[in-house]
Amino acid sequence: MKQTSDFLVIGSGIAGLSYALKVAAHGTVSIVTKREVSETATNLAQGGIASVFSEEDSFEAHVEDTMKAGAWLSDTGIVKMVVESGPQAITDLIDWGVKFSRNEANEYDLTREGGHSQRRILHAKDMTGQEIERALVAAAEKHPNITFYEHHIAVDLITEAKIKHRRVKPDRCLGAYVLDIENKEVITFGARITVLATGGAGKVYLYTCNPDVATGDGVAMAYRAGATVANMEFMQFHPTTLYHPLAKSFLISEAVRGEGAILKRSDGTPFMAQYHELKDLAPRDIVARAIDNEMKIRGDDCVFLDITNKDAAYIKDRFPNIYETCLGYGIDITREPIPVVPAAHYLCGGVAVDSWGQSDIENLFAIGETSCTGLHGANRLASNSLLEGVVYGDRAAQKSLELITDKQSPFPPIEPWDSGNATDSDEEVVVAHNWDEIRRCMWNYVGIVRSNKRLVRALRRIQMIQEEIADYYWDFTVTSDLVELRNIATVAEMIVRCALERKESRGLHYTIDYPETDNIHWKKSTTVCKVF
Ligand code: SIN
């Protein structure tokens, strides 16, 4: 079966939806999404979206905070461009129907998070992402040119090189092979422009506050197609996810610290002053490493986040989702501290793109967490990611519209998916086992504190698993679990390779073998690109 559209968007979070809304007036848009439309990382974002919105704030201050948090690896030009596009991005969201929280004076309420020198985070209580997702999905569903394909997972990109079975330089993207999960059929989606907006890859780690969809599909597909991928060693661990056996790493927003919560040891003593002058509002890499250190030196299972210094009515109104969820686990956050641990949260690396979101394969864009734009450097500043999603949704849309001036030309012929002699597998246990092994290996060997020895060990294990997956892939009918397993293995390998390449500690990459930052040799990105 074959579908064609002008624009193929893979992923339905803030970046993909805002791109779709910008191009839909100019052509047909297919949005492929592997679960239900709102099952995205955007939907889980609590804190908010950073933008300069108050008189006391300035673009310069936001740029400086972003550069500092990113350990000076961010691209200053890109940071400036994104920060200065912030107010327009917020206006776009408001125009699409997003309702941000307001204060008593009926102005937008601005909160603060780690690494920000000013209050500049717009939010919708503690469910900002849910509100954004709601509004954008509603706007997209109304648009006659946008078609959603839920429960469809992209398997691989289709490029000119792939269909000609030879090297093509520069290569050009023609669409993607997509598995219709319910009907177990691989469909050929042809498109003039293909956009990867599949989010991050937290599921590569055993503990993550990402949703189940975060398996790095876009980065893995782009890599397999020959695109350059950058800075994969910079996986951000969120310092505070709920520590509870049933909670599956529920996020406790950094805005809780922004509003005055204090991190404490089990004996009630605060500890962040020992680690950074901004104490509990230090950048995330520093707070996560401090917690990791506290847990290791004391042998504790968690630390505690205490917001009981605030009025109970205020807490319930400002953080209704966190309050209710914790209460559901028997923790009343207005009266007792919250047990917390770090968990994998955000991939700062990804598909290397230019300032318009273009990868080095023609007609292939990557936006949002899937991309590496140069904004986040070695550590993302809190709440800059939703901002990046809207800004690059817009820029990729502008560039796409320039590229499809020859809209009348026919779509090139594409061979349908060849499933060869694949049969249904009776060994699903192998897939489940490999999933588990990769995630444990990454957590234990490629976590918050790294060493060469552990990284080499991880690489060996992951490569063995990849060989097994390769056999499995060609022998058995493709399933979404298998597609995701292949993707997490590919992403895991890239993370380890980049981590081994970077011979220094910077931002989110800390290794005991090179504990210092080396600005002379390493103030640059690491890259990986498949050799054909
Ligand atoms: C949070 O609410 O702490 C998450 C915000 C972010 O990751 O930007």
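This text goes with the structure placed above it.
Treat the numbers as computed from the prediction; the structure is a model and nothing was measured. Along each chain, the written sequence defines residue order, and numbers are assigned to residues from 1. In view of the model being predicted, local features appear only for residues whose pLDDT reaches at least 70, and side-chain atom pairs are presented and counted only at 80 or more, with totals across whole chains, interfaces and linings using the full set of residues. Here the side-chain values reflect all heavy atoms present in the structure, with hydrogen atoms and water set aside.

Student: Sorry if this is basic, but what is going on with the packing of aromatic side chains here?
Tutor: The way to describe two aromatic rings as a pair is by their centre distance and the angle between their planes. Two aromatic rings from Phe, Tyr or Trp, using only the six-membered ring of Trp, form a pair when their centres are within 6.5 Å; if the ring planes differ by under 30 degrees the pair is stacked, by over 60 it is edge-to-face, and anything between is tilted. Using the criterion set out here, one finds 10 aromatic pairs in the structure. Here Phe100 and Tyr108 contribute two aromatic rings whose centre-to-centre distance is 6.2 Å and whose plane-to-plane angle is 90°, an arrangement assigned as edge-to-face. Residue class for Tyr108 comes out partly exposed when judged on its relative accessible area of 21%. An angle of 65° between the planes, with centres 5.4 Å apart, marks the rings of Tyr177 and Trp417 as edge-to-face. Linking Tyr177 in strand 8 (residues 173–180) with Trp417 in the loop between helix 12 (384–403) and helix 13 (428–445), this pair joins segments that are 240 residues apart in sequence. The class for Tyr177 is buried, based on a relative accessible area of 6%. Taken together, Tyr205, Tyr207, Phe237 and Trp443 form an aromatic cluster joined through their ring pairs. Between buried and exposed lies partly exposed: a residue is buried under 20% and exposed over 50% of the maximum accessible area for its type, with that area taken using a 1.4 Å probe on protein chains only. Only DSSP runs of H or I covering at least 4 residues are called helices, and only runs of E covering at least 2 are called strands; the numbering of each starts at the N terminus.

Student: Can you walk me through the environment of Phe148 in this structure?
Tutor: Within the secondary structure, Phe148 is located in strand 6 (residues 146–150). A C-alpha to C-alpha distance of 24 Å links Phe148 and Leu387, two positions 239 residues apart in sequence. If we skip the residues at most four places from it in the chain, Phe148 touches Leu17, Ile31, Val37, Ala140 and Glu141. Any pair of residues with heavy atoms lying within 4.5 Å of one another is described as a contacting pair.

Student: Hey, could you run me through the sheet that holds strand 14 (residues 338–347) in this one?
Tutor: Strand pairing in a sheet takes place through backbone hydrogen bonds and is either antiparallel or parallel in direction. When DSSP locates at least two bridges between a pair of strands, those strands are taken to pair. As summarised here, the arrangement of the four strands in space is 11-14-13-12, forming an open sheet in which the pairing is antiparallel. Two strands in the sheet have a free side with no partner beyond their single neighbour: strand 11 (235–242) and strand 12 (262–264). Geometrically, the sheet is characterised by an average inter-axis angle of 45° between neighbouring strands, direction not taken into account. As defined by bridge partners, strand 12 adjoins strand 13 (residues 303–306) across three bridges and the pair is classed as antiparallel. Residue pairing in the sheet places Lys264 in a bridge with Phe304 of strand 13. Lying over the sheet, helix 9 (residues 284–298) contacts strand 11, strand 12, strand 13 and strand 14, oriented at roughly 60° with respect to strand 11. Note on definitions: angles span 0 to 180 degrees between N-to-C directions of axes, and those axes are lines fitted to C-alpha atoms, for helices only across the stretch in contact.

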